[in-house]
Every structure is written in structure tokens, then in C-alpha cells.
Amino acid sequence: MVLTADLRDVFFQRDLFSVYSYNEPFLGIAIEDGILSEECNKNWILNAYGEEIYQSIQHERIICVGTVWGTTKEFMNYSKIMSDILKF
């Protein structure tokens, strides 16, 4: 299992990996209550991707990648996808 976290605001109340099977593919990412049109998210999306992309996703929920965990294989797949996205 692999875990990456923005440690400034993460607090663990139990062993995160104790509730997951090591034998099945898994990737955990937190989904926030807000949507992308909120001001703090809107600006970075507009700056990074432009108006057309923003308009197409503005009502989507926020997926927080400050804490991501999962099996090694799924985490490596996720890392590749994120790397490709961030090469803009």
C-alpha cells in the first residue's frame, strides 16, 4: 500500500491500511462537499486550462488529491494519469 498526504492538515485516527485488502486493486481519494465553480478553484482552472474547459466542468465536485492512498499498482496508474494531466 502507498499513501501520499499534505501533512499540514491530515490527522489519522486509526491505521488507514487496516481496513483494505492488499489482494484487490484499490485507490482512495477524498471527495469534498463543494463544486469547482467556487472562487478558489475557479481561478486556477481558468488559469491552467482556460474558459472552455472550466465551463465544461464547473458543476463537478471537487476531488482532493492532498491525500491519496491505495495499492501500489493503482497508485502508480494514478500517478501516471496525474503526471500526464499536469504537463500542460
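Since this is a predicted model, take the numbers as computed values, not measurements.

> Talk me through the pattern of salt bridges; I want residue IDs and the actual numbers.
For the coordinates displayed, the defined rule picks out one salt bridge. Across the pair aspartate 84 and lysine 80 runs a salt bridge whose closest N-O atoms are separated by 2.8 Å. Of this pair, aspartate 84 and lysine 80 are both found in helix H3 (residues 72–85), four residues apart, which corresponds to roughly one turn of the helix.

> Go over the side chain of threonine 67, please, and point to the residues and values.
Within the fold, threonine 67 resides in strand S3 (residues 61–70). The buried category is assigned to threonine 67, whose relative accessible area is 19%.

> Run through the sheet that holds S3, naming residues and quoting values.
Read from one edge of the open sheet, three strands run S1-S3-S2, paired in antiparallel fashion. Here the strands that pair on one side only, and so sit at the sheet edges, are strand S1 (2–5) and strand S2 (27–35). Across the sheet, the mean angle separating the axes of adjacent strands is 35° when strand polarity is ignored. Taken together, the four bridges between S1 and S3 define a ladder with antiparallel strand orientation. Bridge pairing in S3 links threonine 4 to valine 68.

Conventions and cut-offs
Residues numbered from 1 in each chain as written. Predicted model: local features only at pLDDT ≥ 70, side-chain atom pairs only at ≥ 80, totals over all residues. Heavy atoms only, no water. Salt bridge = Lys/Arg side-chain N within 4 Å of Asp/Glu carboxyl O. Helix = DSSP H or I, 4+ residues; strand = E, 2+ residues; numbered from the N terminus. Buried < 20%, exposed > 50% of the residue type's maximum accessible area, 1.4 Å probe, protein only. Pairing = 2+ DSSP bridges. Axes fitted to C-alpha atoms, helices over the stretch in contact; angles between N-to-C directions.

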